[in-house]
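Tertiary structure, described
Chain residues, written in single-letter form:
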Amino acid sequence: MKTITHPAWAQSATDLSGRTILVIGGGGGVGEGVVRTLLKRGAAVVATGRDELRLRDFADRVGHSSLHVAPLDGLAADLTERADLLAAEFGPFDGVVVSIASWGSHGSKPLLALSDGEWSDLVEDNLTAVFRVYRAFTPTLAPGGVLLQLNGLSADLPFPGNGVVALGAAAGKSLTRTLAAELDGTGLRVYEVILGVVRTRARQLAGVDNPLWIDGTEIGVHIAELVSGDSPLTGEVLHYFIDKATGPVATPPRF
Ligand SMILES: NC(=O)c1ccc[n+]([C@@H]2O[C@H](COP(=O)([O-])OP(=O)(O)OC[C@H]3O[C@@H](n4cnc5c(N)ncnc54)[C@H](OP(=O)(O)O)[C@@H]3O)[C@@H](O)[C@H]2O)c1
């Protein structure tokens, strides 16, 4: 069992009672910590993943009466219908958090070794799925609701062996910022949160851990404050959350 010492900035106790937040990819490594915090702050949470077994295991582990899980694939042909059904059952959503990533089935591979199929699968999973999720779920947001993408530093940095994951990250950052500009004035708020290395259950099970890395539950604190409007970064679209002690900031790190 990991021990987490939260830094001072993460000690706030935002109350999300009465709010409903959809976390797409909530059953994943980063999503799990986010979901745990949102539940702790009183929100009802709908968490999704593609793999139903992984999702059920996640739901059993978290075990909370305000947690609902639903399988969802951002590339599904009937995505819009699925979004409408989820919104009818649980929505409208005060927040939609997009926490999806895919590494493909071939493992790490240099760019020039990728086949056409591997390239297009990675682009579909890491970029097209994000666009389709934005298109399907933005209309499910409540007035004043938050659409937020969790992304990684490969949006800004080379990522040898995982070039298309990095391409998806960079393009996802661009998509989110454009969407934020296009939705400016509608009352909806759009955020791009770029994360440093996160302590995840999968990493810990593999024996890889560092208490200095940020924890998913701390990312959840930031999201809770954005949804409630309490965060000092409420008016900024682009956030970097790299340093656990400092917390989220609007200033890009110096590489
Ligand atoms: N882990 C880190 O250290 C780290 C660091 C920086 C940034 N991030 C960012 O955090 C986000 C989540 O990463 P993670 O580490 O939590 O990954 P993860 O453990 O693989 O979880 C990803 C989640 O997204 C779902 N998903 C993948 N492709 C999807 C698609 N096409 N449609 C719908 N759902 C899809 C997965 O479902 P299945 O379980 O069914 O595959 C899973 O629930 C990513 O944006 C990543 O860049 C992570």
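Identification of the protein chain as 3-oxoacyl-[acyl-carrier-protein] reductase from Herbiconiux moechotypicola is taken from an unreviewed UniProt entry. In the Sequence similarities (unreviewed entry) part of its UniProt record, the protein chain is described as follows: "Belongs to the short-chain dehydrogenases/reductases (SDR) family."

To continue, consider unusual backbone geometry. The linkage connecting Gly91 with the following residue, Pro92, adopts the cis geometry, with an omega of -5 degrees. Among the secondary structure elements, Pro92 is positioned in the loop between helix H3 (79–90) and strand S4 (93–98).

A few words on the sheet that holds S4. Strands belonging to one sheet form pairs held by backbone hydrogen bonds; the direction of such a pair is parallel or antiparallel. Strand order in the open sheet formed by 7 strands is S3-S2-S1-S4-S5-S6-S9, with parallel pairing between adjacent strands. Looking along the sheet, the strands with just one partner apiece sit at the ends: strand S3 (67–71) and strand S9 (238–241). Adjacent strand axes in the sheet meet at a mean angle of 20 degrees, parallel and antiparallel pairs treated alike. The sheet contact formed by strand S6 (residues 189–195) and S9 spans 4 bridges and is parallel. Along S9, the bridge assignment pairs Ile194 with Tyr240. Of the strands in this sheet, strand S2 (44–49) and S3 touch helix H2 (residues 52–62), which is tilted by about 175 degrees from S3. The strands that H3 touches are strand S1 (20–24), S2, S3 and S4; relative to S3, the one it contacts most, it runs at about 165 degrees.

For the ligand, the set of nearby residues contains 26 residues, the closest of which are Asp51, Arg54, Gly74, Leu150 and Arg203. The contact in question runs from an oxygen atom of the ligand to an N or O atom on the backbone of Val30, over 2.8 Å. Within the backbone of Ile100, one N or O atom sits 3.3 Å away from an oxygen atom of the ligand. Alone, the ligand offers 890 Å² of accessible surface; in the complex the protein occludes 86% of this. Of all the secondary-structure elements, those providing two or more residues to the shell around the ligand are helix H1 (29–40), S2, helix H4 (116–137) and strand S5 (141–152).

On to the nonpolar core, then. In terms of nonpolar packing, the biggest core is built from 33 residues, with Leu38, Leu148, Leu150, Leu195, Ile219 and Ile223 touching the most fellow members. Taken together, the elements giving at least two residues each to this core come down to S1, H1, S2, H2, S5, S6 and helix H7 (216–228). When residues of this core are assigned to their parent elements, the largest contribution, 6 residues, is made by H7. The residues contacting Leu148, other than those within four sequence positions of it, are Val96, Val97, Val98, Tyr191, Val193, Ile223 and Leu226. In this structure, Ile24, Ala87, Val133 and Phe137 belong to the second largest nonpolar core, which totals 23 residues.

Parameters at a glance
- Residues numbered from 1 in each chain as written.
- Predicted model: local features only at pLDDT ≥ 70, side-chain atom pairs only at ≥ 80, totals over all residues.
- Heavy atoms only, no water.
- UniProt positions renumbered as here; feature names shortened; annotations may be inferred.
- Helix = DSSP H or I, 4+ residues; strand = E, 2+ residues; numbered from the N terminus.
- Pairing = 2+ DSSP bridges.
- Axes fitted to C-alpha atoms, helices over the stretch in contact; angles between N-to-C directions.
- Contact = heavy atoms within 4.5 Å.
- Near = heavy atom within 4 Å.
- Polar contact = N/O pair within 3.5 Å; in protein donor to acceptor, adjacent residues only side chain to side chain.
- Areas by Shrake-Rupley, 256 points an atom, 1.4 Å probe, with all protein chains shown as cover.
- Core = buried A, V, L, I, M, F, W, Y, C linked by side-chain atoms within 4.5 Å.
- Buried < 20%, exposed > 50% of the residue type's maximum accessible area, 1.4 Å probe, protein only.

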